[in-house]
Amino acid sequence: PGGCPALCECSEPARTVKCVNRNLTAVPPDLPPYVRSLFITGNPLTDLPAGAFPAQRLPDLASLNLSGNHLRTVEAGSLALPALRQLDLSGNALVSFSPQAFGEGGSPLEELVLRGALRDHGVLLSLAALLQSGALRNLSRLELADNGLLLLPAGMFTALPALRQLDLSNNSLVGLRNVSFQGLGQLQSLNLSDNSLGMLWNSTLAQFRSLPALRHIVLRHNTWVCDCAIEDLVAWLKESDQVEGKEALTCASPDKMLGKALLKINGSDLNCSMPIDLPSQLQTSYVFLGIVLALIGAIFLLVLYLNRKGIKKWMHNIRDACRDHMEGYHYRYEINADPRLTNLSSNSDV
């Protein structure tokens, strides 16, 4: 007890243990109980099983850095540490992250860094389930940068009332319409730089306005589409002091607007020749189609009304023709059914 694992470096006064680039394939079982900061990085470690960090033996472990390993699975109960405040899983290729990784109860975790660790979509959904469960209600810093994310699961951040810093930079986010920031009353910093955002809709801008502590929003290096739909974003940028470096935001398309600063855009600069509200356009088309069909139906009924006598005569003629035809069939049937009439019919030609 109190010793140091063979492949690690320990400092009891600093209460720190470092197992860096030691070719470890499992968490050392003999970690000293005094450890408060633990670094296990750059190892071929692939799995965190339940009890990998025994809570009874590591009651004071507050900072855990597992970045740059080969971690693929984080099992239930593997991170159930009573004093854990900081966790860094960056640079791992996670494919499985149990929503019960921090145990059945809540975790005191305050900082979670997952930079470049969520390349698998299933892991993203598991993380969303974990965050939505309320197990990390004390989380104040969340880093999800460098993960190539296109879209975020709906309601992913709704159970994080203490969140102050959210980093979504260097992904491939194309929109935030399904992302809710409601309930993040403590959010101070939001980094959306280096994504593929073409616009921010009114619903998202309204959420930004409603967050009282949000004073630092980073939007640089996005692919802003400068057409009519960007008018609301431009108006918000001009009136808001939340966006850092907003003067450097420029258009990425269309070609005639390429490189133009968003803050210098006027209504006359925008291309509004094409409708941008597709649902409204479709609704208008359906209404027009209904009107045309109603007019055609009215004209047809009018033609029928004006020609009612001719149509009536035509119907009578059809009725008489059908009756004559049926009488002929009936006459032939009677002849064929009576042999005497058949002989009479044959002799009538002689």
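Residues numbered from 1 in each chain as written. Predicted model: local features only at pLDDT ≥ 70, side-chain atom pairs only at ≥ 80, totals over all residues. Heavy atoms only, no water.

Peer 1: Account for the sheet that holds strand 4 (residues 47-48), with residues named and values stated.
Peer 2: Pairing is parallel in the open sheet, where 3 strands are placed in the order 4-6-8. Both edges of this open sheet fall to strand 4 and strand 8 (96-97), since each of them pairs with a single strand only. As paired elements, strand 6 (residues 73-74) and strand 8 share 2 bridges and run parallel to each other. Counterpart to threonine 73 in the pairing with strand 8 is serine 96. (Pairing = 2+ DSSP bridges. Helix = DSSP H or I, 4+ residues; strand = E, 2+ residues; numbered from the N terminus.)

Peer 1: Tell me what's going on with the state of the cysteines, and back it up with residues and numbers.
Peer 2: In the structure shown here, the tally under the stated rule is 3 disulfides. A sulfur-sulfur separation of 2.0 Å characterises the disulfide bridge that pairs cysteine 4 with cysteine 10. Taking the sign of the S-S torsion, 80 degrees for the link of cysteine 4 and cysteine 10, the bridge is right-handed. Between cysteine 226 and cysteine 251 runs a disulfide, and the two sulfur atoms are separated by 1.9 Å. Across the S-S bond linking cysteine 226 and cysteine 251, the dihedral sits near -95 degrees, which makes this disulfide left-handed. Of the two residues, cysteine 226 is situated in the loop between strand 14 (224-225) and helix 3 (231-239) and cysteine 251 in strand 16 (residues 251-253); the sequence distance between them amounts to 25 residues. (Disulfide = S-S within 2.5 Å.)

Peer 1: Before we move on, could you go through the side chain of glutamine 242 and cite the residues and values that matter?
Peer 2: You can see glutamine 242 is positioned in the loop between helix 3 and strand 15 (243-244). On the basis of relative accessible area, glutamine 242 is assigned to the buried category, the value being 5%. Of the polar contacts made by the side chain of glutamine 242, one reaches the backbone oxygen of phenylalanine 208; its length is 3.1 Å. Leaving out residues up to four positions away in the same chain, glutamine 242 has contacts with Phe208, Leu211, Leu214, Arg215, His216, Ile217 and Trp236. (Buried < 20%, exposed > 50% of the residue type's maximum accessible area, 1.4 Å probe, protein only. Polar contact = N/O pair within 3.5 Å; in protein donor to acceptor, adjacent residues only side chain to side chain. Contact = heavy atoms within 4.5 Å.)

Peer 1: I'd like to hear about the side chain of asparagine 171, residue by residue, with values.
Peer 2: Tracing the backbone through its elements, the reader meets asparagine 171 in the loop between strand 11 (165-167) and strand 12 (189-191). In this structure the side chain of asparagine 171 is engaged in a polar contact, spanning 3.0 Å, whose partner is the backbone nitrogen of glycine 148. When neighbours within four sequence positions are excluded, asparagine 171 is seen to be in contact with Leu144, Ala145, Asp146, Asn147, Gly148, Leu149, Asp194 and Asn195.

Peer 1: So what's going on with the packing of helix 2 (residues 202-210) against helix 3? Residues and values would help.
Peer 2: Closest axis-to-axis distance for the helix 2/helix 3 pair is 10 Å, and the angle between their directions is 20 degrees. As summarised for this structure, helix 2 and helix 3 are arranged roughly parallel, according to the angle between their axes. The element helix 2 and its partner helix 3 pack so that their crossing is left-handed. When helix 2 is examined against helix 3, the residues Asn202, Leu205, Phe208 and Arg209 are found in contact with a partner set consisting of Asp232, Leu233, Trp236 and Glu239. (Axes fitted to C-alpha atoms, helices over the stretch in contact; angles between N-to-C directions. Parallel < 35°, antiparallel > 145°, perpendicular 65-115°, else oblique. Left-handed = near helix turned anticlockwise from the far one by under 90°.)

Peer 1: Mind laying out the nonpolar core, listing which residues take part and the relevant values?
Peer 2: Grouped together as the largest cluster of nonpolar side chains are 82 residues, with contacts concentrated most on Leu48, Phe53, Phe102, Leu142, Phe157, Phe208 and Leu262. Elements with a contribution of two residues or more to this core: strand 2 (16-20), strand 3 (37-41), helix 1 (121-132), helix 2 and helix 3. By residue number, the principal contributor to this core is helix 1, which donates 6 residues. (Core = buried A, V, L, I, M, F, W, Y, C linked by side-chain atoms within 4.5 Å.)

The values reported here are purely geometric and, on their own, carry no functional implication.
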